[in-house]
Amino acid sequence: MSESEKVSFVATRIPYVMSTDTKVLVVDDEPDILEFLQYNLEKHGFRVVTAQTAKEGIEKADREVPDLILLDIMMPKMDGVQACYEMRRNPKLDKTLIAFLTARNEEYSEIAGLEAGADDYIQKPIRPRLLLSRIAALLRRKSVGAAEKSEIIELGDLRIDMKRYEVTLKGNPLTLARKEFEMLVLLSSQPGKVYSRDEIFRKVWGYSESIASRTIDVHISKLREKLGGEYIRTLKGVGYKLDF
């Protein structure tokens, strides 16, 4: 990696003031990418840990409990999607954000990554300004603004405990991925209100740019499977609302 490459990345202004305690785990099988990201992220105030295999990444994630994991999808032996599934099974990483780094642009890999529990999806070659913007949005985003007002939401037979990240419907516990949970909290914070796709992106993902063509479709579909199709309504060309 040349000095000019490093400087060009460092010169990009990050739109968010990072805490010196912010820890990032970068998992990628390409040493040049690890070096590039570590050097420049450290320049922006991150504490960076690296791993070159998915297995090593899983072990370091468990040991270090980072705030954010940048995870390559295409790796030998175990890919990033499998690694993400394993990480999401670890309760120590409940509050850890995961963003995929990948050169692949097939829609199925985007969907697989999101279903595995990823919070974002960033394509290679890495564009420094976009990467920093995504990281900033992820770290400054709180679970959902409504979570600050109340720890419990109850709508009919639906109960959401935001402190414990628990959801029950008719007394039965539901297992939701992080983004499914945050979308449900948003929709249930004002039942009957129609939320546009752009508003959901801004309030749940932290920015208005679509991160993947079917991101919201995937999450809405999963929520409907778990809640039942009658609760979330789609208003074509407008958005989504929760009816209880």
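Basis of the calculations
- Residues numbered from 1 in each chain as written.
- Predicted model: local features only at pLDDT ≥ 70, side-chain atom pairs only at ≥ 80, totals over all residues.
- Heavy atoms only, no water.
- Helix = DSSP H or I, 4+ residues; strand = E, 2+ residues; numbered from the N terminus.
- Buried < 20%, exposed > 50% of the residue type's maximum accessible area, 1.4 Å probe, protein only.
- Pairing = 2+ DSSP bridges.
- Right-handed = clockwise from strand over helix to strand, strands pointing away.
- pLDDT = per-residue confidence, 0-100.
- Contact = heavy atoms within 4.5 Å.
- Phe/Tyr/Trp six-rings, centres within 6.5 Å; stacked < 30°, edge-to-face > 60°.

Trainee: I'm lost on unusual backbone geometry in this one. Help?
Mentor: Generally, phi is negative for residues other than glycine and the peptide bonds are trans, each holding for most cases. The phi dihedral of Lys 77 falls on the positive side, at around 65 degrees, and the residue is not glycine. Following the sequence through the fold, Lys 77 ends up in the loop between strand E3 (68-72) and helix H4 (80-88). According to the relative accessible area criterion, Lys 77 is exposed, its value standing at 91%. Here the phi dihedral of Tyr 165 falls at roughly 55 degrees; this positive angle occurs in a residue that is not glycine. Considering the arrangement of structural elements, one finds Tyr 165 in the loop between strand E7 (158-161) and strand E8 (166-169).

Trainee: Could you clarify how one ought to interpret the pairing of E3 in this entry?
Mentor: Each regular strand displays side chains that alternate between the two surfaces of the sheet. Summarising burial for E3: five of the five residues are buried, a large majority. As paired strands, strand E1 (residues 23-27) and E3 are joined by four bridges and run parallel to one another. Note on E3: the bridge partner recorded for Val 26 is Leu 70. One ladder, built from five bridges, connects E3 with strand E4 (residues 97-102); its direction is parallel. Residue Leu 70 lies in a different strand from E4, and its bridge partner there is Ala 99. This β-α-β element, E3 to H4 to E4, shows right-handed connectivity.

Trainee: What should I look at first to understand the confidence of the model for the protein in this one?
Mentor: The predicted model of the protein averages 81 in pLDDT, with 82% of residues at 70 or higher. Helix H1 (residues 3-10) is the least confidently modelled element of the protein, averaging 42 in pLDDT, while helix H3 (residues 54-64) averages 97, the highest of any element. A low-confidence stretch, residues 2-17 stays under pLDDT 50, and its non-local contacts, those more than four residues away or across chains, total 30 contacts. With pLDDT under 50 throughout, residues 142-148 is counted as low confidence; its partners more than four residues away or in other chains account for nine contacts.

Trainee: Mind showing me how you'd approach the packing of aromatic side chains here?
Mentor: Any pair of aromatic rings gets described here by the distance separating the centres and the angle formed by the planes. Considering all chains together, one arrives at two aromatic pairs under this definition. An angle of 70 degrees between the planes, with centres 6.5 Å apart, marks the rings of Phe 100 and Tyr 121 as edge-to-face. Taken together, the residues span a long stretch of sequence, with Phe 100 in strand E4 and Tyr 121 in strand E5 (residues 120-123) at a distance of 21 residues. Pairing Tyr 165 with Phe 181 gives two aromatic rings, centres 4.5 Å apart and planes at 20 degrees, and the pair type is stacked. Note that Tyr 165 is positioned in the loop between E7 and E8 and Phe 181 in helix H7 (residues 178-189), a separation of 16 residues in sequence. Residue classification places Phe 181 among the buried residues on the basis of a relative accessible area of 4%.

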